[in-house]
Amino acid sequence: MSETDDVDRIVADWARERPDLDVSPMSVLSRVSRLSRLLDRARQDAFTGHDVTAWEFDVLAALRRAGRPYELSPKQLLVETLVTSGTMTTRVDRLVERGLVSRYRDPEDRRSVHVRLTDAGRERVDGAMSDLLSSETAMLESLEADERDELAGLLRQLLLGFPGTH
């Protein structure tokens, strides 16, 4: 038999106390929840080490993933980071103040604004990403490559079952 964890105990306790309920979803989703908390901690550690917050990383990472010249419109940033227009405006303002992004008007359409990653922003996001991936790799080292692939596929299938995640 494989090792047990706290979730096994919790599920068994609920099954004993509420035999009228199917508690089997807890076997999966309680583990996902616990892993999410552990991942949040690992992300926070990676980000703190590079003097960025989680939301700053999200914006900087969206710009970095865009490729050279590492710029997007505010509307594109909204799509990438899933926040409101007002929230994005505030976030870009803060990142401009910190020198991590610049904002400029499109020379061909003066009504259009673009947000561009600065060299300092690129250094921060690249460093945080490297540390994050080291941490995430360590989190997954108990799984073989084919098991990680299988888990990724199952989690993708689960996630795609939620509205707005396609």
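Our structure's up above, just so we're on the same page.
Residues numbered from 1 in each chain as written. Predicted model: local features only at pLDDT ≥ 70, side-chain atom pairs only at ≥ 80, totals over all residues. Heavy atoms only, no water.

(A) Main features of a nonpolar patch on the surface. Where nonpolar side chains cluster on the molecular surface, the patch consists of Val 28, Leu 29, Val 32, Leu 151, Leu 155, Leu 158, Leu 159 and Phe 162 and spans about 680 Å² of accessible area. Those elements giving two or more residues to the nonpolar patch turn out to be helix H2 (24-48) and helix H7 (145-160). Sorting elements by how many residues they give to the nonpolar patch places H7 first, with 4 residues. Mapped onto the elements, Phe 162 comes out in the segment after H7. Judged by its relative accessible area of 48%, Phe 162 is partly exposed. (Patch = residues over 30% accessible without salt bridge, like charges linked within 9 Å, V, L, I, M, F, W, Y side chains within 5 Å. Areas by Shrake-Rupley, 256 points an atom, 1.4 Å probe, with all protein chains shown as cover. Salt bridge = Lys/Arg side-chain N within 4 Å of Asp/Glu carboxyl O. Helix = DSSP H or I, 4+ residues; strand = E, 2+ residues; numbered from the N terminus. Buried < 20%, exposed > 50% of the residue type's maximum accessible area, 1.4 Å probe, protein only.)

(B) View of the pairing of strand S3 (residues 109-117). Note that strand S1 (residues 71-72) and S3 share 2 bridges and pair antiparallel. Directly across from Leu 72, in S3, lies its bridge partner Val 115. For strand S2 (residues 101-106) and S3, the ladder comprises 6 bridges, and the chain directions are antiparallel. Note on S3: the bridge partner recorded for Ser 102 is Arg 116. As consecutive antiparallel partners, S2 and S3 are separated by 2 residues. (Pairing = 2+ DSSP bridges.)

(C) Highlighting the nonpolar core. Core analysis: the biggest nonpolar cluster contains 23 residues, and Phe 57, Leu 60, Leu 63 and Leu 77 have the highest contact counts within it. Those elements that provide at least two residues to this core are H2, helix H3 (54-65), helix H5 (85-97), S3 and helix H6 (119-139). Considering every element that reaches this core, the biggest residue donor is H3, with 7 residues. (Core = buried A, V, L, I, M, F, W, Y, C linked by side-chain atoms within 4.5 Å.)

(D) Representation of unusual backbone geometry. In the segment running from Arg 68 into Pro 69, the intervening peptide bond is cis, with an omega of 5 degrees. A positive phi angle, near 55 degrees, is found at Asp 51, a position not held by glycine. With respect to the secondary-structure elements, Asp 51 resides in the loop between H2 and H3. Positive phi outside glycine occurs at Tyr 70, with the angle close to 60 degrees. Considering the arrangement of structural elements, one finds Tyr 70 in the loop between H3 and S1. Take Tyr 70: its relative accessible area is 10%, and that puts it in the buried class.

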